[in-house]
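This is what each chain is made of:
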Amino acid sequence: MSAGFSHSPLSRFYSAMVFGRPWLVLALLGVLTVSLGWYAQNFKLDASADSLLMEGDQELEYSRQINNRYGTRDTVTIAYTPATELFSADTFAQLGALRDELLGLERVESVDSLLNVPIFGDTALLSLSEDYDTVLTPGIDLAAARQELMDSPVFSNAIVSPDGQTAAMLVSFARDERYHALVDSRESLRSKRDGEGLTADEAATLAQVSADFDAYSNLTSEQRHEDIASIREILTHYQDNATLYLGGAPMIADDMVTFVRNDLASFSIGVFAFIVIALGLIFRRVRWILLPLVCCAAAGVIVVGVLGMMDWRVTVVSSNFMSLLLITTISLTVHLTVRFRQLRATRHFTDHDRLLRHTVLSMWRPCLYTALTTIVAFASLISSGISPIISFGWIMVIGVTTALLVVFLVFPSVMSLLQNDEEQLSNKTTMALTSALARATDKLGSKVLIIAALLLVFSVVGLMRLKVENSFIDYFSEDTEIFKGMTLFDEKLGGTLSLDVVVNLPEAEVLDDGFDDGFDDGAVEEDNDAYWFTGDKMDEIKRIHNYLDALPNTGKVLSFGSVIQLAEQLNGSAPVDSFVWALLYSRLPATLKESVLTPFVSVADNQVRFNVRVIESAADLNRNDLITGIEQGLQDEFGYTAEQVDTTGILVLYNNVLQSLYQSQIQTLGLVLFAIMLMFIVLFRSTYLAFLCIIPNILAALFVLGLMGWLGIPLDIMTITIAAIAVGMGVDNTIHYMHRFKHEFHRLGNYRETMYLCHNSIARAMYFTTMIVVAGFSILVLSNFIPTIVFGLLTSIAMMVALLGALTLLPQLMISFQPLGKETHPSP
């Protein structure tokens, strides 16, 4: 520990406990671990789609308003491709049985399919009634019905594929009134809090409502997971006669969590085994294998227990916290291990207790600063304003703090109890790889700086190529069911995920279309809403519909525009005038109004909604460009103002989260690096030295991001945290290396000799830590979940780049600029 701290009361108490009463320390830590381990059973992953959204965001509130206004429900879609003819009695019987089983589920409200959509045939427009035909109507001409649905502007590419071979079943879940009541109550109180303020009673009510919502939201997430599992179980009953796929936002969110959960279960043992093997190959002693594993286990159980106790759900974004906690804990333990073994090898006549005390006290300061700088890097995520990212930041702050405390309690306590290891350690200080890096740095000299500059250019150019994109289909391997299903939905059923385009139509006088007051019709007079449906408005809606439908990468567009096209078909392909629209509105059966009007038209608000599905599998799809292009296009092509056009829906909300997070991370990355440099100044007591130390870390972060740009790996909700990870990993190596370099330089007085000594001492621990983690994470490439593979690869690359930067660029910067002063023993 630092000179001042090593003589402080806290230091004396610490030394008295871990060196004098190690059994007591381990017993207390064991009780704490077991106690929190009990709560680990409550640890859960959050499977809700809302878990990736920004609570309190105005866009999210607007989306909820639109959903309430148009009666939007949570839905999943089943793609059904029979082995035989789709339009046949046998297939209809299978579809009917499947529908009945789905309706038997507790929270399923309705199932719409080609079995219940209307077949109009030669029905005249004004003759529509509730007694419409369906494919189940006795005597119906199935060939004609098939052709009608394939050509229908409403049902083609939605209920039936354009080739007539695949049908869709839309499964709608019942509206959860309690959930929406809690949301409305909470948002109302939040709005008042942000405006005029709350009374004490209202503040207490808000706290209670928020707690109730969190608890109930967790319950609904579990219920939706059960619903999707039940639907999948039902689908297995029909796989002998058809190919079935499940799609929809709730299913995608649930599958992401399922993949993460499976990876955690499948690869935890594999990663553990690889790390054990790596530790065994490096240290070849049971104690040096078990010590890091015990520290990792204790830290992991404590953190998971805290999360379970607080009912703090982990999302797919923060699910990698355990891997990062593993890295941090192993790094700290290996640094202590290597330092102790080096002291044993060089100080043969010093007793075990003194060697242990010297190891722990000398390594406390650099380890503390590595933990603090890593905490700063992850704390930057807390400022994102996005719930899952904030949660990830806090989890890592708790995790790194826990790792530091556990390692510095367990390592000295266990080592105090163990007998002196009789292993014969060589005092040979050279190590092949780290020595080779020292020689290469010495030989290349200033060329190292030129190589670093070229890497910087490479990284910056790659950074400029980096895309900010959230493609859910790219999260899954091509051989997975979800990938195949999403591809089929894109090819045959107009896409899976969608966005809503909401247009506030301009106010206009109702046109009488040539009919005066003398023309009276009671059906029209009794409902003034009928007069909203003017010919001009219908033409405008149809034009917007066609515009959206013609855009690249948009799939099926569901809106009243397709109903207008259907009406014109039933009107003999002739335009429908205002009077007929008013009359049609008054005569339209209630069941048809609920299905073709209510979801797309709000007469009271003079507003229309267009549900636009997106082709997720399109290689050139850029969601942000598509969304902004739609908004700008409606303004340019139709003359609307920005206030009259809005986009919303799950796809828009995810995009907003990603764009906001990208801006936040780019803005805060510089601030984080500046904060770390201030910590370097405090640690190394030199602004000049701190500036040189931050350079390799900037290069490491930029290199990882630049490499993503060159490889075409987008920054998305899963990879956006890689910059914080790269900085955190790089800073650890810099601190450990520079702390030792500064100490040894004052003894040797020569920069090159100091470099060689550090490369054969502290660099060993840096190298061992990196190789252990890379070995463990290499197994992640076997996952079917692409973000897991990318995380494993990028984390490994970040650690290796950080290691190389600390062992090549950093020492060359020291040699070139000599920030510690002139050499007292210069090289001959």
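Keep in mind it's a predicted model, so treat the numbers as computed, not measured.

> Help me understand the nonpolar core in this model?
When a protein is soluble and globular, its nonpolar side chains tend to lie buried together. Formed by 237 residues in total, the largest nonpolar core has its most connected members in Leu 114, Ile 231, Leu 499, Phe 533, Leu 548, Phe 560 and Phe 741. For Leu 499, the residues in contact, after removing those within four places along its chain, are Phe 610, Asn 611, Val 612, Val 614, Leu 626, Ile 627, Ile 630, Thr 648, Leu 651 and Val 652.

> Would you mind going over the pairing of strand S1 (residues 75-82) with me for this structure?
Residues in a regular strand project their side chains so that they alternate between the two faces of the sheet. Counting buried residues along S1, 7 of its 8 residues qualify, which places the element largely inside the surrounding structure. Of the pairings in the sheet, the one linking S1 to strand S3 (residues 167-173) comprises 6 bridges and is antiparallel in character. Bridge pairing in S3 links Tyr 80 to Ala 167. As judged from the 6 bridges shared by S1 and strand S4 (residues 242-247), these two strands associate in the antiparallel manner. What sits directly across from Ile 78, in S4, is Leu 246.

> Help me out: how do you make sense of a nonpolar patch on the surface in this one?
The grouping of Trp 38, Tyr 39, Met 309 and Met 310 at the surface amounts to a nonpolar patch, some 460 Å² of accessible area in total. Looking at the secondary structure, you find Met 309 in helix H10 (residues 286-309). When its relative accessible area of 43% is taken as the criterion, Met 309 is described as partly exposed.

> Explanation requested: the sheet that holds S3 in the structure shown.
The strands making up a sheet associate through hydrogen bonds between their backbones, and the pairing can be parallel or antiparallel. Spatially, S2-S3-S1-S4 is the arrangement adopted by the 4 strands of the open sheet, whose pairing is antiparallel. Looking along the sheet, the strands with just one partner apiece sit at the ends: strand S2 (108-112) and S4. Across the sheet, the mean angle separating the axes of adjacent strands is 20° when strand polarity is ignored. This element, helix H5 (residues 89-103), spans S1, S2, S3 and S4 of the sheet and lies at about 165° to S2. Across the sheet, helix H16 (residues 481-492) lies against S1 and S4, angled at about 90° from S4, the strand it touches most.

> What am I meant to see in the environment of Val 108 here?
With respect to the secondary-structure elements, Val 108 resides in strand S2. Residue classification places Val 108 among the buried positions, given a relative accessible area of 8%. Linking Val 108 and Val 171, residues 63 residues apart in sequence, is a C-alpha distance of 6.9 Å. Not counting residues within four places of it along the chain, the set of residues in contact with Val 108 comprises Leu 102, Leu 103, Val 171, Ser 172 and Phe 173.

> Where do I start with the pairing of strand S6 (residues 554-558) in this structure?
Burial within S6 is extensive, with 5 of its 5 residues counted as buried. As defined by bridge partners, S6 adjoins strand S8 (residues 607-614) across 3 bridges and the pair is classed as antiparallel. Across the sheet, the residue bridging to Val 557 is Val 612, located in S8.

> Explain the packing of H5 against helix H8 (residues 200-235) to me, please; I cannot follow it from the model alone.
Two numbers describe a pair of packed helices, the interaxial angle and the distance between the axes. Look at H5 against H8: their axes get within 10 Å of each other, and the N-to-C directions meet at 155°. Comparing their axes, H8 and H5 come out roughly antiparallel. Our pair here, H5 against H8, has a crossing hand that is right-handed. Residues Leu 98, Glu 101 and Leu 102 of H5 form the contact with H8, whose own contacting residues are Ile 231, Ile 234 and Leu 235.

> It is not clear to me how the confidence of the model for the protein should be interpreted in this structure. Could you clarify?
Interpretation of the predicted coordinates at a detailed level should be avoided for regions scoring low in pLDDT. Summary statistics for the protein give a mean pLDDT of 84 and a share of 91% for residues scoring 70 or more. Ranking the helices and strands of the protein by mean pLDDT puts H5 first, with 95, and helix H17 (residues 522-525) last, with 42. Note on residues 510-526: pLDDT is under 50 here. Beyond four places in sequence and across chains, it has 19 contacts.

> What exactly am I supposed to notice about the pattern of salt bridges here?
Pairing is possible between side chains that carry opposite charge, provided their charged atoms lie close to one another. Tallying each qualifying case throughout the model produces 23 salt bridges. Glu 187 is the partner of Arg 190 in a salt bridge, and the nearest nitrogen-oxygen pair spans 3.5 Å. Placement of the pair is Arg 190 and Glu 187 together in helix H7 (residues 177-194), with a separation of 3 residues, close to one helical turn. With a closest N to O distance of 2.8 Å, Arg 752 and Asp 442 form a salt bridge. Residue Arg 752 is located in helix H26 (residues 751-759), and its partner Asp 442 is located in helix H14 (residues 432-444); the two are separated by 310 residues in the primary sequence.

> I would appreciate a short explanation of unusual backbone geometry in the present structure.
Excluding glycine, residues mostly carry a negative phi; peptide bonds, for their part, are mostly trans. At Asn 157, a residue that is not glycine, the phi angle is positive and equals roughly 70°. Among the secondary structure elements, Asn 157 is positioned in the loop between helix H6 (142-151) and S3. A positive phi angle, near 55°, is found at Arg 685, a position not held by glycine. You can call Arg 685 exposed: its relative accessible area is 68%.

> Help me out: how do you make sense of the state of the cysteines in this one?
Each disulfide consists of a covalent bond between the sulfur atoms of two cysteine residues. With the rule as written, the count across this model stands at 0 disulfides. Free of any disulfide, Cys 295 has its nearest neighbouring cysteine sulfur in Cys 296, separated by 7.0 Å. Assessed through its relative accessible area of 0%, Cys 295 is described here as buried. You can see Cys 758 has no disulfide; the closest cysteine sulfur is in Cys 693, sitting 12 Å from it. Here Cys 758 falls in the buried class, since its relative accessible area comes to 0%.

> Explanation requested: the packing of aromatic side chains in the structure shown.
Aromatic ring pairs are described here by two measures, namely the spacing of the ring centres and the angle between the planes. Inspection of every chain in the model, using the stated rule, returns 25 aromatic pairs. Geometrically, the ring pair formed by Phe 87 and Phe 92 is edge-to-face, given 6.2 Å between the ring centres and 80° between the ring planes. Residues Phe 87 and Phe 92 agree in their burial class; the two are buried. On the basis of an interplanar angle of 75° and a centroid distance of 6.2 Å, the ring pair of Tyr 475 and Phe 785 is categorised as edge-to-face. Here Tyr 475 is found in the loop between helix H15 (447-465) and H16, whereas its partner Phe 785 is found in the loop between helix H27 (762-777) and helix H28 (786-817), with 310 residues between them in sequence. Clustering of aromatic rings is evident, with ring pairs tying together Phe 259, Phe 472, Tyr 475, Phe 476, Tyr 654 and Phe 785. The ring of Phe 213 is capped by Arg 186, whose NZ or CZ atom sits 4.1 Å from the centre of that ring.

Conventions we followed
- Residues numbered from 1 in each chain as written.
- Predicted model: local features only at pLDDT ≥ 70, side-chain atom pairs only at ≥ 80, totals over all residues.
- Heavy atoms only, no water.
- Core = buried A, V, L, I, M, F, W, Y, C linked by side-chain atoms within 4.5 Å.
- Buried < 20%, exposed > 50% of the residue type's maximum accessible area, 1.4 Å probe, protein only.
- Contact = heavy atoms within 4.5 Å.
- Helix = DSSP H or I, 4+ residues; strand = E, 2+ residues; numbered from the N terminus.
- Pairing = 2+ DSSP bridges.
- Patch = residues over 30% accessible without salt bridge, like charges linked within 9 Å, V, L, I, M, F, W, Y side chains within 5 Å.
- Areas by Shrake-Rupley, 256 points an atom, 1.4 Å probe, with all protein chains shown as cover.
- Salt bridge = Lys/Arg side-chain N within 4 Å of Asp/Glu carboxyl O.
- Axes fitted to C-alpha atoms, helices over the stretch in contact; angles between N-to-C directions.
- Parallel < 35°, antiparallel > 145°, perpendicular 65-115°, else oblique.
- Left-handed = near helix turned anticlockwise from the far one by under 90°.
- pLDDT = per-residue confidence, 0-100.
- Disulfide = S-S within 2.5 Å.
- Phe/Tyr/Trp six-rings, centres within 6.5 Å; stacked < 30°, edge-to-face > 60°.
- Lys NZ or Arg CZ within 6 Å of the ring centre and 35° of its normal.

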